[in-house]
Amino acid sequence: MTDEVQEHAKSAQTDATADIEAAARAAYTLASNALTTGSGFLGKTGSEADEARRLRAGVSKQGNPAQVAAFVTSVIAYLNNHKPALLAKHYDPTAKIAELTPLTTSLTTGKGDQESKKGARGDATTAIDDATDALFNSANDQLEAAIGLYDPDSEFVKEARRIRLALRGPEGGGTTPPPAPPAPPNP
């Protein structure tokens, strides 16, 4: 059951990551087009054009929600700062600013959702690790009890120790358990 929970958490995290990256790319495209339009009206040379290039260069990964949210915020500021000059050129960026404004919130919220999915996946992994440890401890306790019923040199005890060593693996010590104390003499 815990494995199923972990797989579901992994799937949910993958879906959330894909969703937020797609939303970030779409927001980047929208903001980039608005920046291109605004800077196009202001001219391809000059400080406004340089500013637009710096803004665009600040995004190294168009699927990164944090970078894109910062970019969208910067594009909104760019359009607001240059609004008088844009209006003089017969371009009103008000509608584009209104369209871009909610994107920063959705990217931040989406990133938070994706991070919570990562947390859920980590919790599921922890649950599996805990269940595995509990199962190993229970099996080991049962094996110890069974070993105590047989002569230490019996084939059963030897096989039980091989099984325990295989289950324990290198992280659990990886060495052969110490030999059992000699059996007391029979009266």
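Each remark here, short or long, concerns the structure printed above.
The notes below deal with the structure included here. (Residues numbered from 1 in each chain as written. Predicted model: local features only at pLDDT ≥ 70, side-chain atom pairs only at ≥ 80, totals over all residues. Heavy atoms only, no water.)

To continue, consider the packing of aromatic side chains. The full count for this structure, using the stated rule, is three aromatic pairs. Note on Phe41 and Tyr91: the rings are 4.9 Å apart at their centroids and 10 degrees apart in plane angle, and the pair reads as stacked. One end of the pair, Phe41, is in helix α1 (residues 2–42); the other, Tyr91, is in the loop between α4 (83–88) and α5 (94–147), with 50 residues separating them in the sequence. (Phe/Tyr/Trp six-rings, centres within 6.5 Å; stacked < 30°, edge-to-face > 60°. Helix = DSSP H or I, 4+ residues; strand = E, 2+ residues; numbered from the N terminus.)

A surface patch of nonpolar side chains, about 340 Å² in accessible area, is lined by Leu149, Tyr150 and Phe156. Following the sequence through the fold, Phe156 ends up in helix α6 (residues 155–168). In this structure Phe156 comes out as partly exposed when scored by relative accessible area, which is 34%. (Patch = residues over 30% accessible without salt bridge, like charges linked within 9 Å, V, L, I, M, F, W, Y side chains within 5 Å. Areas by Shrake-Rupley, 256 points an atom, 1.4 Å probe, with all protein chains shown as cover. Salt bridge = Lys/Arg side-chain N within 4 Å of Asp/Glu carboxyl O. Buried < 20%, exposed > 50% of the residue type's maximum accessible area, 1.4 Å probe, protein only.)

Put simply, helix α2 (residues 47–57) and helix α3 (residues 65–81) touch, their axes get as near as 10 Å, and they point 165 degrees apart. Accordingly, the angle class assigned to the pair α2 and α3 is roughly antiparallel. Here the hand of the crossing between α2 and α3 comes out left-handed. Between α2, through Glu48, Glu51, Ala52, Leu55 and Arg56, and α3, the contact on the second element is made entirely by Phe71, Ser74, Val75 and Tyr78. (Axes fitted to C-alpha atoms, helices over the stretch in contact; angles between N-to-C directions. Parallel < 35°, antiparallel > 145°, perpendicular 65-115°, else oblique. Left-handed = near helix turned anticlockwise from the far one by under 90°. Contact = heavy atoms within 4.5 Å.)

Grouped together as the largest cluster of nonpolar side chains are 25 residues, with contacts concentrated most on Val68, Phe71, Val72, Val75, Leu79 and Leu100. Sorting the residues of this core by element identifies α1, α2, α3 and α5 as the ones contributing at least two each. Apart from the residues lying within four places of it in its own chain, the contact partners of Val75 are Ala31, Ala34, Leu35, Leu55 and Leu100. (Core = buried A, V, L, I, M, F, W, Y, C linked by side-chain atoms within 4.5 Å.)

Below, the discussion takes up α2. Those residues of α2 that sit buried are Ala49, Ala52 and Leu55. Down the axis of α2, the buried side of the element spans an arc of 120 degrees, and every buried residue falls inside it. Residues Ser47, Arg54 and Ala57 are exposed on α2 and point more than 90 degrees away from its buried face. (Arc of directions from axis to C-beta.)

This paragraph deals with the pattern of salt bridges. When their charged atoms lie close together, side chains carrying opposite charge are able to pair. As enumerated under the stated definition, the model contains four salt bridges in all. Here Arg53 ties to Asp50 by a salt bridge, and the two come within 2.6 Å at their closest N and O atoms. Here Asp50 and Arg53 lie together in helix α2, a separation of three residues that amounts to about one turn.

Read these as layout, nothing more, since geometry by itself doesn't imply function.
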